[in-house]
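Each chain is listed here by its residues.
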Amino acid sequence: MVITEYSLIGAILQYYPDSAKIFEDMGMHCIACPSSARETLGQACQVHGVALEEIVAKLDEQINH
C-alpha cells in the first residue's frame, strides 16, 4: 500500500492495525473517532499539527519494509 496525504485513516488502520501505535505516538488519538474512517491523513495532520512527511515516512517504513 502506498501511503499519501489522501490515504484514508480508516483504510490504513483496517489493513494495518499495528499502525495505530504510530498515530498514537505522534499525538493523533483521533483513530478512535468515528469520523477518522473517512478522514484523509492530510486532513488529520492539519487538525493535529503533525508533519505529514514524518508520519508518511513512519507508516511507509512499518508497512512496506
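Each remark here, short or long, concerns the structure printed above.
So, here is what we can say about the structure in this document. The structure presented is a predicted model; accordingly, all values stated were derived computationally and were not measured.

Attention now goes to helix 4 (residues 52–64). If you check helix 4, its first and last C-alpha atoms are 17 Å apart, about what 13 residues at 1.5 Å a residue would give, namely 18 Å. Of the residues making up helix 4, those classed as buried are Ile55, Val56, Leu59 and Ile63. Seen from one end, helix 4 has its buried residues packed into an arc of 100 degrees, which puts them on one side. In helix 4, those exposed residues whose orientation departs by more than 90 degrees from the buried face are Glu53 and Glu61.

Between helix 3 (residues 41–48) and helix 4, the least distance of the axes is 10 Å, while the angle of their chain directions is 130 degrees. One element, helix 3, and the other, helix 4, form an angle in the oblique class. Regarding helix 3 and helix 4, the two cross each other, and that crossing is right-handed. Contacts between helix 3 and helix 4 involve Leu41, Gly42 and Cys45 from the first element and Leu52, Ile55, Val56 and Leu59 from the second.

About the thresholds
Residues numbered from 1 in each chain as written. Predicted model: local features only at pLDDT ≥ 70, side-chain atom pairs only at ≥ 80, totals over all residues. Heavy atoms only, no water. Helix = DSSP H or I, 4+ residues; strand = E, 2+ residues; numbered from the N terminus. Expected span 1.5 Å × (residues − 1). Buried < 20%, exposed > 50% of the residue type's maximum accessible area, 1.4 Å probe, protein only. Arc of directions from axis to C-beta. Axes fitted to C-alpha atoms, helices over the stretch in contact; angles between N-to-C directions. Parallel < 35°, antiparallel > 145°, perpendicular 65-115°, else oblique. Left-handed = near helix turned anticlockwise from the far one by under 90°. Contact = heavy atoms within 4.5 Å.

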